[in-house]
Amino acid sequence: MTEPSNGPDIGSEDATSTGDDKYLGEWSSIEDVAAAVRTCTRCGLAGTRINAVPGEGSDSPSILFIGEGPGANEDEQGRPFVGRAGKLLDELLGVVPLLRSDVHITNVVKCRPPGNRDPLPEEVRACWPYLEAQIGLLKPHVIATLGRHAMNRFLPNARISDQHGRPTVWRDIIIFPLYHPAAALRSTKLRETLENDIRRLPEAVLQSLEMSAIRSHAETTLSTFTEPSVHDETNRNRLF
Ligand code: URA
Ligand code: SF4
């Protein structure tokens, strides 16, 4: 497992630009993104995959779950989190209660790294436009990252032991780091922690809704001050 700092620094607006911005905004629906992913050859993982795994779930989810990359089962089926870790995720979602169809689930890279190795920085970079487009189209209130690697794509220096279950604002979205369900399969204590954190997801969604209500109120208030001076010639002239 590589250090998070070896990944691309995509924790800030500037660093998220991969030079591939022409790919952004090219897709007008989540299905368009999925179709592009299924035939993608933008990185070496295309050569070893059985199936690309674009992601699945609601088209307007309040929560987007992001894992690191498909494993063997996901590669075989072309669907995210369908192995043992996925079963645990389903079970824990049931505690909230949430169904898989209420949320959306994807990964940082859409094709399986051979032997489940960490994706290389250039693979993450090549695949980032898809995740960026998915975030833009799905507009989730909360992004729940699964495991430290997915978390570090958004919060490069964060430590999962400090940040799990703690909402952090990234752009206009709340990032809610969670332990990876595969880690929770190996430790009862981590499983309890993951379950307790997942129980607090609805609270994070509410927090995000409050945040956007405040933001749109602020924008409306601001525009009543600025619009006449910018757009209305009469008022503009009066001001100058
Ligand atoms: N682990 C992940 O990170 N993603 C999957 O889709 C499955 C297992
Ligand atoms: Fe394309 Fe992403 Fe698969 Fe690489 S991992 S081939 S960039 S879909």
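Every value quoted in this text rests on a predicted model; they were computed, and no experiment measured them.

Peer 1: When you look at the site of ligand 2 in this model, what are you seeing that I'm missing?
Peer 2: Surveying the vicinity of ligand 2 reveals 14 residues, the closest of which are Cys 40, Cys 43, Ala 46, Cys 111 and Cys 127. In terms of residue count, the dominant contributor to the shell around ligand 2 is helix H5 (residues 121-138) (3 residues). Classifying every residue of the shell around ligand 2 by side-chain character gives 10 nonpolar, 1 polar and 3 charged.

Peer 1: What am I meant to see in the pairing of strand S3 (residues 104-107) here?
Peer 2: Regular strands place side chains that alternate from one sheet face to the opposite one. Of the two faces of S3, both are covered, the one formed by His 104 and Thr 106 as well as the one formed by Ile 105 and Asn 107. Where strand S1 (residues 56-57) meets S3, 2 bridges bridge the pair, whose relative direction is antiparallel. Looking across to S3, one finds that Glu 56 is bridged to Ile 105. Judged from the 4 bridges that link them, strand S2 (residues 63-67) and S3 form a sheet pairing that is parallel. Its bridge partner being in S3, Leu 64 is matched across the sheet by His 104.

Peer 1: Honestly, unusual backbone geometry in this entry has me stumped. Any pointers?
Peer 2: Excluding glycine, a negative phi dihedral is what most residues carry, and trans is how most peptide bonds are arranged. The omega torsion across Val 96 and Pro 97 is 0°, close enough to zero to call that bond cis. Phi at Asn 116 takes a positive value of approximately 60°, unusual for a residue other than glycine. Along the chain, the position of Asn 116 falls in the loop between S3 and H5. Despite not being glycine, Lys 139 shows a phi value in the positive range, around 45°.

Peer 1: Explain the site of ligand 1 to me, please; I cannot follow it from the model alone.
Peer 2: Taken together, the residues surrounding ligand 1 are Gly 67, Glu 68, Gly 69, Pro 70, Gly 71, Glu 74, Pro 80, Phe 81, Ala 85, Asn 107 and Leu 146. Its residues assigned to classes, the shell around ligand 1 comprises 5 nonpolar, 4 polar and 2 charged.

Peer 1: Would you mind showing me how to read H5 here?
Peer 2: Three- or four-residue spacings in an α-helix give side chains the same orientation, since the helix completes a turn every 3.6 residues. Here H5 contains 18 residues, and its C-alpha end-to-end distance of 25 Å stays within 8% of the 26 Å for a straight helix at 1.5 Å per residue. Maximal helix bending in H5 amounts to about 40°, located at Cys 127; proline Pro 129 follows within four positions. Those residues of H5 lying buried are Glu 123, Val 124, Ala 126, Cys 127, Trp 128, Pro 129, Tyr 130, Leu 131, Glu 132, Ala 133, Gln 134 and Leu 138. Positioned one or two residues after H5, Lys 139 has a phi angle of 45°, which is positive.

Rules and cut-offs
- Residues numbered from 1 in each chain as written.
- Chains lettered and ligands numbered in written order.
- Predicted model: local features only at pLDDT ≥ 70, side-chain atom pairs only at ≥ 80, totals over all residues.
- Near = placed C-beta within 6 Å.
- Helix = DSSP H or I, 4+ residues; strand = E, 2+ residues; numbered from the N terminus.
- Nonpolar A, V, L, I, M, F, W, Y, C, P; charged D, E, K, R; others polar.
- Buried ≥ 20, exposed ≤ 12 C-beta atoms within 10 Å, placed from the backbone.
- Pairing = 2+ DSSP bridges.
- Expected span 1.5 Å × (residues − 1).
- Bend = angle between axes of the 7 residues up to and from the residue.

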